[in-house]
Amino acid sequence: MTTAHENRRQVLYWRLLARLFDPEEQATLESASVAIVDDLGLPALLLDPSVSVDSVVQRYPDLEAEIDGLMAPADDGRDREVRRAALVSKLLLNVFATGGGNVTAEQLARWQSDAGWFERALGCEPGALRGRAAATGAGGAEGGTGTGGSAAGNAPGSGFTVNLGPALAAIEADLIKRMRLREVLADPRLAKKLTPSMSLIEQLLRDKDNLDGVALANAKALIRRFVDEVAQVLRTQVAQASTGTIDRSIPPKRVFRNLDVDRTIWKNLPNWSPEDERLYVDRLYYKQTAKRVEPARLVVVVDQSGSMVDAMVNCTILASIFAGLPKVDVHLIAYDTRALDLTTWVHDPFEVLLRTQLGGGTDGTAALELARPKIVDPRNTVVVWISDFYEWREQECWDGFAAIHRSGARFIPVGSVSSGGQQSVNPWFRQRFKDQGTPVLSGRIKKLVHELKNFLV
């Protein structure tokens with residue numbers, strides 16, 4: 001019996017591999033798979049790669065519950081394993097067998113929907129692995145993107161050891177490149193079929209200067225929709241981020257602004273002298289924390305070169321959220337080989353993104369020229385620098401970073417800010433930041449939010 005179940009499962013997976021690498025049907029595998037699916041009580045539609053998962057679930061609603069968390073660990077018997085193999089094969093075939101040639105808006109929409117079902121099977125929110133709503137995890141589960149990030153690296157119980165997030169994003173980006181996007185955007189009916197994702201937003205930002213009229217209006221609507229979705233999740237993360245607990249083992253700074261006058265008087269009352277009508281103070285008491293009087297200044301510098309689109313989108317939104325907090329003065333700078341001060345539009349990430357120019361090289365010295373004058377009160381300033389740090393002028397950039405750190409400002413280097421936390425940081429800079437005592441922060445938004453709230457709140 002065990003061998004029979006294993007054989008049936010192997011037939012389904014051999015059929016999957018055959019269809020992934022060769023669109024032509026293998027008659028023997030196809031007929032055997034039809035018999036297995038029918039014996040399991042599953043619809044034959046599962047074997048048709050031209051049918052979307054949405055269509056299957058619409059006709060057979062009971063399958064929705066089976067697909068959710070499908071790849072989570074379970075021990076439901078051998079027959080259940082064969083049934084799972086049939087459902088997993090459907091998801092993998094629809095997501096990874098994308099063929100070649102031109103892609104229509106309907107085909108992209110169908111693939112995005114199927115990819116969403118695949119993400120649900122991994123225990124993630126639809127879009128989480130592809131960077132949509134970075135916070136469903138970014139910045140997530142460690143939160144939302146955390147969930148997405150976690151699943152991307154090793155989905156709950158899936159057994160995958162590869163990172164699926166970049167793979168899915170790459171497939172989606174390829175589909176978008178094969179689609180005549182400008183023609184689709186010029187047709188409101190087709191444009192409505194598009195679902196905003198990081199790959200689509202990247203393509204829109206790169207091509208926005210070549211669009212006009214209806215196409216440009218539809219592109220802006222998609223960018224605005226994506227920005228609003230991500231912002232909603234990030235606001236929740238900022239609101240929920242803990243600023244930590246006070247470490248009572250560390251004495252408060254003995255400065256006047258931390259003096260606890262009421263407690264000092266109360267504790268020294270035994271030293272009251274009626275004759276002198278004076279209170280002699282043997283000991284001063286200080287508060288554990290001091291209320292910030294001046295607004296904290298946050299300077300966010302983002303590398304907008306081609307590899308950093310995810311960071312550019314997420315950080316402009318994050319900067320706008322912190323700009324809305326009381327007593328926080330936020331400045332935003334974007335750079336590639338040139339630097340642009342976007343502080344005027346920091347409250348509106350949509351406008352910021354429309355003013356960015358993705359691509360080009362990386363020259364941090366240009367951004368340093370704009371950032372230095374903003375550090376007027378170093379002890380009250382935090383500089384967040386998001387980049388992969390593959391700079392043209394390494395030593396000059398490093399000298400500038402080290403100078404900011406020595407000034408007393410808080411310097412936070414960040415490898416990237418993406419839903420999956422992916423980062424590729426120049427090892428030359430990574431080691432120097434570590435030696436300086438400011439190690440490069442992981443790319444997850446949740447960690448960056450926590451660091452900033454500890455400083456600003």
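Residues numbered from 1 in each chain as written. Predicted model: local features only at pLDDT ≥ 70, side-chain atom pairs only at ≥ 80, totals over all residues. Heavy atoms only, no water.

A. Focus on the nonpolar core. Within the largest apolar cluster, 96 residues are counted, with the highest numbers of intra-cluster contacts made by Phe-118, Leu-185, Leu-194, Leu-204, Ile-223, Leu-298 and Val-384. At 10 residues, the largest contribution of residues to this core is made by helix 14 (residues 309-323). Apart from the residues lying within four places of it in its own chain, the contact partners of Val-384 are Leu-298, Val-299, Val-300, Val-301, Ile-412, Val-414, Leu-448 and Leu-452. Within the second largest apolar cluster, 22 residues are counted, among which are Val-301, Tyr-335, Cys-397 and Ala-409. (Core = buried A, V, L, I, M, F, W, Y, C linked by side-chain atoms within 4.5 Å. Buried < 20%, exposed > 50% of the residue type's maximum accessible area, 1.4 Å probe, protein only. Helix = DSSP H or I, 4+ residues; strand = E, 2+ residues; numbered from the N terminus. Contact = heavy atoms within 4.5 Å.)

B. Main features of the confidence of the model for the protein chain. Scored by pLDDT, the protein chain has a mean of 79; 80% of the residues are at 70 or more. When mean pLDDT is compared element by element in the protein chain, helix 17 (residues 394-406) scores highest at 94, while helix 7 (residues 144-154) scores lowest at 34. In the predicted structure, residues 133-162 sits below a pLDDT of 50 and forms 105 contacts with residues beyond four places in sequence or in another chain. (pLDDT = per-residue confidence, 0-100.)

C. Summary view of the pairing of strand 5 (residues 328-335). Where burial is concerned, most of strand 5 is hidden: 7 out of the 8 residues are buried. The sheet contact formed by strand 4 (residues 296-303) and strand 5 spans 8 bridges and is parallel. Each residue of the ladder has a partner; that of Val-300, found in strand 5, is Leu-332. Bridge count between strand 5 and strand 6 (residues 339-341): 3 bridges; the pairing is antiparallel. From the neighbouring strand, Ala-334 faces strand 6, where its bridge partner is Leu-340. Turn length for the strand 5-strand 6 hairpin, with the two strands adjacent in sequence and antiparallel, is 3 residues. (Pairing = 2+ DSSP bridges.)

D. Quick peek at helix 11 (residues 198-207). Among the 10 residues of helix 11, 7 are classified as buried, and the element is accordingly described as predominantly covered. Taken as a whole, helix 11 has its buried residues at Met-198, Ser-199, Leu-200, Ile-201, Leu-204, Leu-205 and Asp-207.

E. Examining a nonpolar patch on the surface more closely. A cluster of nonpolar residues, Val-261, Ile-265, Trp-266 and Leu-269, forms a patch on the protein surface that exposes about 420 Å² of accessible area. Along the polypeptide, Leu-269 turns up in the loop between helix 13 (261-267) and strand 2 (272-273). Looking at Leu-269, the relative accessible area reads 42%, which means it is partly exposed. (Patch = residues over 30% accessible without salt bridge, like charges linked within 9 Å, V, L, I, M, F, W, Y side chains within 5 Å. Areas by Shrake-Rupley, 256 points an atom, 1.4 Å probe, with all protein chains shown as cover. Salt bridge = Lys/Arg side-chain N within 4 Å of Asp/Glu carboxyl O.)

F. View of the sheet that holds strand 8 (residues 410-414). With mixed pairing, the 5 strands of this open sheet are ordered in space as 6-5-4-7-8. The sheet terminates laterally at strand 6 and strand 8, the two strands that pair on one side only. Ignoring which end each strand starts from, the neighbouring axes of this sheet average 20 degrees apart. (Axes fitted to C-alpha atoms, helices over the stretch in contact; angles between N-to-C directions.)

G. Main features of the pattern of salt bridges. What the rule picks out here adds up to 18 salt bridges. For Arg-224, the salt bridge goes to Asp-348, with nearest N and O atoms at 3.6 Å. Separated by 124 residues along the polypeptide, Arg-224 in helix 12 (residues 213-240) and Asp-348 in the loop between strand 6 and helix 15 (349-354) bring together distant segments of the chain. One salt bridge in this structure joins Glu-396 and Arg-393, with 3.9 Å as the shortest N-O distance. Overlapping salt bridges bring together Arg-15, Arg-19 and Glu-30 as one network.

H. Looking closely at a positive patch on the surface. A surface patch of like charges, here positive, comprises Arg-254, Arg-263, Lys-267 and Arg-283. Its location among the elements puts Arg-283 in the loop between strand 3 (278-279) and strand 4. (Lys, Arg positive; Asp, Glu negative; His and termini not counted. Charge placed at Lys NZ, Arg CZ, Asp CG, Glu CD.)

I. A look at unusual backbone geometry. Here the phi dihedral of Glu-277 falls at roughly 55 degrees; this positive angle occurs in a residue that is not glycine. One non-glycine residue, Phe-389, lies in positive phi territory at about 60 degrees.

J. Structural detail: the side chain of Gln-436. Topologically, Gln-436 is positioned in helix 18 (residues 427-436). Of the polar contacts made by the side chain of Gln-436, one reaches the side chain of Thr-438; its length is 2.8 Å. Excluding residues within four positions of it along the chain, Gln-436 makes contact with Trp-398, Phe-401, Ala-402 and His-405. (Polar contact = N/O pair within 3.5 Å; in protein donor to acceptor, adjacent residues only side chain to side chain.)

K. Spatial organisation of the environment of Ser-52. When you line up the elements, Ser-52 lands in the loop between helix 2 (27-40) and helix 3 (53-59). Linking Ser-52 and Asn-94, residues 42 residues apart in sequence, is a C-alpha distance of 7.3 Å.

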